[in-house]
Every structure is written in C-alpha cells, then in structure tokens.
Amino acid sequence: NSNPSLSRTFSKMGSLSKTVQELAFKGEEVPENYIYKDGYSGDPNAPVLEIPVIDIGLLGTSAEELERLKSALSTWGCFQGVNHGMTLEYLNQVREIVKQFFQLPLEEKQKYVREENDIEGYGNDMVLSEQQKLDWTDRLFLSIYPEDQRRLKFWPENPEAFRSIMYEYSLKMQSVSEVVLKAMARSLGLGENCFLELYGEGSKLQARFNFYPICPRPDVVLGIKPHADGTVITLLLQDESVEGLQFMKADQWFKAPIIPEALLINVGDQAEISSNGAFKSPVHRVVTNSERERISLAVFYIPDLDKEIGPFEGLIDESRPRLYRTVKNYVDIYFQYYQQGRRPMEAAKIQD
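Since we're looking at a predicted model, the values are computed, not measured. (Residues numbered from 1 in each chain as written. Predicted model: local features only at pLDDT ≥ 70, side-chain atom pairs only at ≥ 80, totals over all residues. Heavy atoms only, no water.)

Quick question: what am I supposed to make of the packing of aromatic side chains here?
Two aromatic rings, taken as a pair, are described by how far apart their centres are and by the angle between their planes. One pass over the structure, following the stated rule, counts 14 aromatic pairs. For the pair Phe 101 and Phe 162, a centre-to-centre distance of 6.4 Å together with 50° between the ring planes defines the contact as tilted. Of this pair, Phe 101 sits in helix H4 (residues 88-103) while Phe 162 sits in helix H6 (residues 162-187), and the two are 61 residues apart along the sequence. One exposure class covers both Phe 101 and Phe 162, and it is buried. Seen in terms of ring centroids, Phe 162 and Phe 209 are 5.4 Å apart; in terms of plane orientation they differ by 45°. Their pairing is tilted. With Phe 162 in helix H6 and Phe 209 in strand S5 (residues 204-212), the pair connects residues that are 47 residues apart, well separated along the chain. One exposure class covers both Phe 162 and Phe 209, and it is buried. Here the aromatic cluster, defined as three or more aromatic residues joined through ring pairs, consists of Phe 101, Phe 102, Tyr 112, Tyr 122, Phe 162, Phe 209 and Phe 211. Positioned over the ring face of Tyr 90 is Lys 172, at 5.5 Å from the centre of the ring. (Phe/Tyr/Trp six-rings, centres within 6.5 Å; stacked < 30°, edge-to-face > 60°. Helix = DSSP H or I, 4+ residues; strand = E, 2+ residues; numbered from the N terminus. Buried < 20%, exposed > 50% of the residue type's maximum accessible area, 1.4 Å probe, protein only. Lys NZ or Arg CZ within 6 Å of the ring centre and 35° of its normal.)

Quick question: what am I supposed to make of the packing of helix H3 (residues 63-75) against H6 here?
Relative placement of two packed helices is described by the angle separating their axes and the distance separating the axes. Between H3 and H6, the least distance of the axes is 9 Å, while the angle of their chain directions is 90°. It follows that H3 is roughly perpendicular to H6 by the angle criterion. Packed against H3, whose contacting residues are Leu 66, Leu 69, Lys 70 and Leu 73, the element H6 presents Ala 183, Met 184, Arg 186 and Ser 187 at the interface. For the contact of H3 with H6, a count of residues per class yields 5 nonpolar, 1 polar and 2 charged. (Axes fitted to C-alpha atoms, helices over the stretch in contact; angles between N-to-C directions. Parallel < 35°, antiparallel > 145°, perpendicular 65-115°, else oblique. Contact = heavy atoms within 4.5 Å. Nonpolar A, V, L, I, M, F, W, Y, C, P; charged D, E, K, R; others polar.)

In this structure, what is going on with the pattern of salt bridges? I would like to understand it.
Opposite charge on two side chains permits pairing when their charged atoms draw close. In total, this model carries 14 salt bridges according to the counting rule given. A salt bridge links Arg 151 to Glu 120, with the nearest nitrogen and oxygen atoms 3.5 Å apart. Taken together, the positions of Arg 151 in the loop between strand S4 (138-145) and H6 and Glu 120 in the loop between helix H5 (106-109) and strand S3 (121-123) put the pair 31 residues apart, joining distant regions of the chain. Assessed through its relative accessible area of 30%, Arg 151 is described here as partly exposed. (Salt bridge = Lys/Arg side-chain N within 4 Å of Asp/Glu carboxyl O.)

Would you mind showing me how to read the sheet that holds strand S10 (residues 263-267) here?
Pairing between sheet strands relies on hydrogen bonds along the backbone, with the strands arranged either parallel or antiparallel. Across the sheet, which stays open at both edges, the 8 strands sit in the order S1-S2-S10-S7-S12-S5-S4-S3 with mixed pairing between neighbours. The open sheet terminates on both sides in strands that have one partner only, identified here as strand S1 (53-55) and S3. Within this sheet the neighbouring strands show an average axis-to-axis angle of 25°, counted without direction. Relative to strand S2 (residues 78-82), S1 runs parallel, the two sharing 3 bridges. Counted as the bridge partner of Asp 55 is Val 82 from S2. Lying over the sheet, H4 contacts S3, S4, S5, strand S7 (233-237) and strand S12 (294-302), oriented at roughly 110° with respect to S12. (Pairing = 2+ DSSP bridges.)

Is there a simple way to think about the sheet that holds strand S8 (residues 245-249) in this case?
Read across the open sheet, the 4 strands follow the order S6-S11-S8-S9; overall the sheet is antiparallel. Two strands bound the open sheet, and with one partner strand each, they are strand S6 (222-227) and strand S9 (252-255). Direction aside, the axes of adjacent strands within the sheet are offset by 30° on average. In this structure, S8 lies alongside strand S11 (residues 284-287), joined through 3 bridges in antiparallel fashion.

This is how it looks when you write it as structure tokens:
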C-alpha cells in the first residue's frame, strides 16, 4: 500500500511533515507550500451570510418549517439547525474535549498519527504533489458510526472523557442525520426514506476534529482551501467564539455567523446529485487568524461505498432533465480532485 513517490515528496519537503501546530509554536516562517501568491485575499471583513435557522424538532410536523428547509438548501445549501436534542452545555463539553486533545504534548498526539495513504488518525494534509497548497490546520479523523467501523487504535484515551463523549455524540449525530435526510426527501415530494434507502444500510459517519493554530500570514494562508463536501450532508459544530468559515454565493465570499447552540448543516455533492440539482452543495473555505486559534468538529454522512448514487427518477422530467451521471465510491474521486484544487462535481455533471 505504500507509495514511494509520496514518500519521496515527504522527504524532499522536510518541514511539511511537521504539524502546523509545531510551525506556529516555533514561530518559523510560513513554508512556501502554504502561501497563495496570486489573487487570494482572506478577507476577515467579508459580509455576513444570513443563513436560515431551522428548528429540527419541527421538521416532522410543520409544513412551513419543511418549506423553509427546502428553500435554505436550494439557495444557500446550508442552514443553522437548532432544537436538535443537545444542550449548549453538552455541545460546550464536546468543544472542550476537542481543545484538550490538541493541547496535549506532541508525543501524546502522535500515538494516534495516521499511517501513510490512510485518512484516519492524527495529522494534516496528505502531500500528493510539490505544487499542492497545504491547509493551515491539524486534524484528527475518525470513523465514528456504526460501531463496527471504529478503529479504536486512533481514538484518544487522553483526555480521559474523549471516548465516552464521542460515543454519545456519534449516536446523536446519527439520529439528527436521519431526521434531516427524511425531511429533505419529504420537502422534494419523495417518500421520506428515499435518501436513507439510496445511501444504504452501510452508510457511515466520519468525524474530522480541526485545529487552526494562530497564523502569522492570514492574508495569504488558508485554514482550508475552497471546496464543496463530497458527503451527503455535513454537520458542523463551530468554535463557540472564533469565526473562520466562509461560503461562496454569486462569486462572493460571506462569513458564516456563529450560533453557539446550533449545528451548521450543509448539503454535500452526493445530495446535490441525488436531488438532481434541487439542493446545492456550497463551496466554502476557512480563513486563518493572526490572534486566536480556532477549533471545529465536522461530521460527514457518507453513503455505503458499494451504492451507485444518481438522481432520483421522480426528480427528472422534460422541464428538468437529468443533470448528473451515476457515481460510485465518490469519496475516492473527491480526494483526488480536492488536493488538485478542483471540484469533483466536474466528473459527475452531464455536459450540455
């Protein structure tokens, strides 16, 4: 499974195998591979995106809330979900456990370091080419649901409460995902289990714990490069006080406001494909901050890898032709395109 050219790239690049946290802590000059030289401006003063706030608890009973969900996902591609069954106090516990993990000494975190060519575990960007622009973030990536997908060797035993809190959080995320996916189906006039059945019983949840250290050059360095998610949906717990997430709408960047008790939920490419373009998978990025570090926790809903994902027949007619090919194991295509700074949706769209 090892890739000699990848290993050579790592050794040639030396400093890039350091964590971003190490670079920031030692106050070293930002390596070239993180710097965008042309046309990037990480604008902290971007206008605020007025993302709709949706009461998740009402989605099963209120036609009005269902219509608001459909409108949010077809225009912005995202919403702030409240009344999801978790208290602010509990969400702050989750945030705290993320912070505590990244505050551990490096040698402790390296017990969970990801293996070569593997996404799970602790680390930062896979380096696929010397031209690749790297993200100013360290992450811990885990499969969290179903239980038999968990590779516990990557699950921190320190901080002590990490595993128990994340076991509970993964069940809550599965439950919220199901409510949202059923509502998405009903909002399009489909049977409520359509999405769940399409994505299969082998669907899983993967979590990415993100840490964005203070960055000396926020004007030319990004926390995460512009992309849309390769998921069905993504459920994001933002930092409770430090902004950084921005969405693109009509060729302009807008910053996502923070609602501490909300989950920011966005559509991924695979839901855009299945909805035949009714729902929009939004392009977003994370900007860096020269004064404050930031954390977030993204949970990705991923279909069964063996499932073929294409538009629902009920959403294709003369007025709305089929816009996307059927794709399989889209996440693999996604990572190849992402590291090249391209949109994997290019591979799925049917060209006119």
